[in-house]
Amino acid sequence: VKPLPLPVVDEPYTEPSESAKDKIQFAVNNLAPNNLADKTGEVDKVLMPKHFAWFSQEVIVKRASQEPNYHSLYLLFIEALNRPVLAKCILRETLASIARLLNAESTISSSRDRGYLKNLGAWLGGITLARNQPILRENISFKELLCEGFSGNRLIVAIPFVCKVLEQAARSTIFHPPNPWLMSIMAVLSELYATANLKLNLTFEIEVLCKALDLDVKEIEPTSILGSYLSRGAVDALGSELSQVTLGANGGGNGRSTSVASTAAAGSLGEGTGSGLAASVVQMPVLSGADISVDILAVLTQHASFQAAEALFAQQPAMKKMFYMLTERMIREIIPIHVARSIFVAVSCTRDTVQKDFCGEPNEEHVHRAAQVMARGLAGALAVSLCREQLKSKLYLTMR
């Protein structure tokens, strides 16, 4: 998401005086369909072009993101003001607020922030698609947003937002089905619906969108863009690595060896025990593929069995090497994200539990030991649960 620059006005953007703020806020607070003309006149008298940036933030952050039932009223109000530059400022602030929520880590865990994002999605669709105005690709690329959400495990953020924006196309005379732009995005959603093992709430969002657009998700031809997106950079990197990797007779790998989730969990908790257990905030650990110090290729060749592909691997040894390399790459991309979240959840739960259950324990060593054992068990079990389906679906799409 790339917000627009602020439109150029005669004077630098500033906030209005306190008295002007009070008048504008009072008028907006008491806005209703039967007094729209009166309140518009009151605001029009005190709202100057240099105040548009402040007014846009006031409308988007405090109104549109939190009051979806009043979207139509606020749209009529902005139309009645009849200020083209203000409309551009409103669009710019909408995109900026959406960008902040889409990129914030808190949006994944906060249902309130996801609700704000959905409301802003409906608002964005209302001020653009519903009024036959396009959303430019340079501002938002919906297909790329969905692909990045899939690869970064942020579909819980991306899908509801995209669906809320596209729902407004039902009110458009240009962007309703079978508009090619709309249908190309629907095809990506159809692919996610069919192949990404979505949670029930996300499939429901897609079904609600299809109902609003009078479409059947099962009749929409899915794309194959997700597999292409995942493998776009992987294949190039694999080519340079293949020549450096050898699978020995005993399954030896490329020499990379060395601890993973339990060590990271213990380390995080080690910092969080004692004085850290009483800390108010548990920090989210940051992990990457380099932190996986297990020799993945050796483990795969020794313990993984692919009976259905044995004949193919025997005929084409290079295919076996590429398959193992691709599997290793998927593991290094997916596991660190889920391990980091598992550690975060495990340490948070362990801190609260240990503080309660061991509040009278005089031996600090016992507290440390109990906390580490609990965190290891929770982090390991949660990581396995989170990684399994994601790894399976991504490997399947990439191999396609």
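As the structure is a prediction and not an experimental result, all values here were calculated from the model. (Residues numbered from 1 in each chain as written. Predicted model: local features only at pLDDT ≥ 70, side-chain atom pairs only at ≥ 80, totals over all residues. Heavy atoms only, no water.)

Caption draft 1: Quick peek at the packing of helix α2 (residues 36-46) against helix α4 (residues 71-81). Running from amino to carboxyl end, α2 crosses α4 at an angle of 55 degrees, the nearest separation of the two axes being 10 Å. Taken together, α2 and α4 sit at an angle that is classed as oblique. Regarding α2 and α4, the two cross each other, and that crossing is right-handed. Residues L36, K39, T40, V43 and D44 of α2 lie in contact with α4, whose contacting residues are L73, L76, F77, A80 and L81. (Axes fitted to C-alpha atoms, helices over the stretch in contact; angles between N-to-C directions. Helix = DSSP H or I, 4+ residues; strand = E, 2+ residues; numbered from the N terminus. Parallel < 35°, antiparallel > 145°, perpendicular 65-115°, else oblique. Left-handed = near helix turned anticlockwise from the far one by under 90°. Contact = heavy atoms within 4.5 Å.)

Caption draft 2: Region of the structure containing the packing of aromatic side chains. Using the criterion set out here, one finds 5 aromatic pairs in the structure. Aromatic rings pair up to connect F142, F161, F175 and W181 into one cluster. (Phe/Tyr/Trp six-rings, centres within 6.5 Å; stacked < 30°, edge-to-face > 60°.)

Caption draft 3: How the structure looks around empty space enclosed by the protein. Taken as a whole, the largest cavity encloses approximately 40 Å³ of empty space. Considering the residues around the largest cavity, the lining is formed by I24, Q25, V28, F55, E58, V59 and R63. It is helix α3 (residues 52-64) that contributes the most residues to the lining of the largest cavity, 4 residues altogether. Classifying every residue of the lining of the largest cavity gives 4 nonpolar, 1 polar and 2 charged. When its volume is computed, the second largest cavity comes out at roughly 30 Å³. In terms of lining residues, the second largest cavity is bounded by V28, V59, R63, Y74, F77 and I78. Broken down by secondary-structure element, the contributors of at least two residues to the lining of the second largest cavity are α3 and α4. Residue contributions to the lining of the second largest cavity peak at 3 residues, all from α4. (1 Å grid on protein atoms, 1.4 Å probe; cavity = no way out; pocket = protein on both sides within 12 Å on 5 of 7 lines; lining within 4 Å. Points joined across faces, edges and corners; volume = space filled by probe spheres on them. Nonpolar A, V, L, I, M, F, W, Y, C, P; charged D, E, K, R; others polar.)

Caption draft 4: Spotlight on helix α7 (residues 111-127). The first and last C-alpha atoms of α7 sit 24 Å apart over 17 residues, in line with the 24 Å expected at 1.5 Å per residue. Here α7 has its buried residues at D113, L117, N119, L120, G121, A122, W123, L124, G125, G126 and I127. Where α7 is buried, its residues meet α3, α4, α5 (84-103), α6 (106-109) and α9 (155-167). (Expected span 1.5 Å × (residues − 1). Buried < 20%, exposed > 50% of the residue type's maximum accessible area, 1.4 Å probe, protein only.)

Caption draft 5: Spotlight on the confidence of the model for the protein chain. Residues of the protein chain with pLDDT of at least 70 account for 79%, and the chain-wide mean is 80. The spread of mean pLDDT over the elements of the protein chain runs between helix α13 (residues 261-272), the lowest at 47, and α9, the highest at 95. Contacts for the low-pLDDT stretch residues 233-280, under 50 throughout, to residues beyond four places or in other chains number 80 contacts. (pLDDT = per-residue confidence, 0-100.)

Caption draft 6: Structural context of the nonpolar core. In terms of nonpolar packing, the biggest core is built from 69 residues, with F55, W123, F161 and L192 touching the most fellow members. When residues in this core are grouped by element, the largest group, 9 residues, is from α9. Those residues in contact with W123 that lie beyond four places of it in its chain are V59, I60, A64, H71, Y74, L75, I78, I90 and T94. Among the nonpolar cores identified, the runner-up in size contains 6 residues, and I343, A346, V347 and A379 belong to it. (Core = buried A, V, L, I, M, F, W, Y, C linked by side-chain atoms within 4.5 Å.)

Caption draft 7: View of unusual backbone geometry. With an omega of 10 degrees, the peptide bond between P177 and P178 qualifies as cis. Along the chain, P178 turns up in the loop between α9 and α10 (180-195). A positive phi angle, near 60 degrees, is found at N153, a position not held by glycine. Here N153 lies in the loop between α8 (142-151) and α9. A relative accessible area of 23% places N153 in the partly exposed class. Look at D214: it is not a glycine, yet its phi comes out positive at around 60 degrees. Residue position: D214 is located in the loop between α11 (200-212) and α12 (225-242). Owing to a relative accessible area of 70%, D214 belongs among the exposed residues under this scheme.

Caption draft 8: Examining the packing of α5 against α7 more closely. Packing of α5 against α7 brings their axes to within 10 Å, and their N-to-C directions diverge by 150 degrees. As summarised for this structure, α5 and α7 are arranged roughly antiparallel, according to the angle between their axes. Judged by the sense of rotation from one axis to the other, the crossing of α5 with α7 is left-handed. Contact with α5, carried on its side by I90, L91, T94, L95, S97, I98, L101 and L102, involves D113, Y116, L117, L120, W123, L124 and I127 of α7 and no other residues of that element. For the contact of α5 with α7, a count of residues per class yields 12 nonpolar, 2 polar and 1 charged.

Caption draft 9: Molecular detail of the pattern of salt bridges. Taken as a whole and judged by the stated rule, the model has 14 salt bridges. We note a salt bridge from R131 to E79, for which the minimum N-O separation is 2.0 Å. A residue pair is termed long-range when its members are at least 10 positions apart, and R131 in the loop between α7 and α8 and E79 in helix α4 qualify at 52 residues. Note that R154 and E105 form a salt bridge whose closest N and O atoms lie 3.5 Å from each other. Within this pair, whereas R154 is found in the loop between α8 and α9, its partner E105 is found in the loop between α5 and α6, the two being separated by 49 residues in sequence. The network of salt bridges with shared partners includes E15, E18 and K21. (Salt bridge = Lys/Arg side-chain N within 4 Å of Asp/Glu carboxyl O.)

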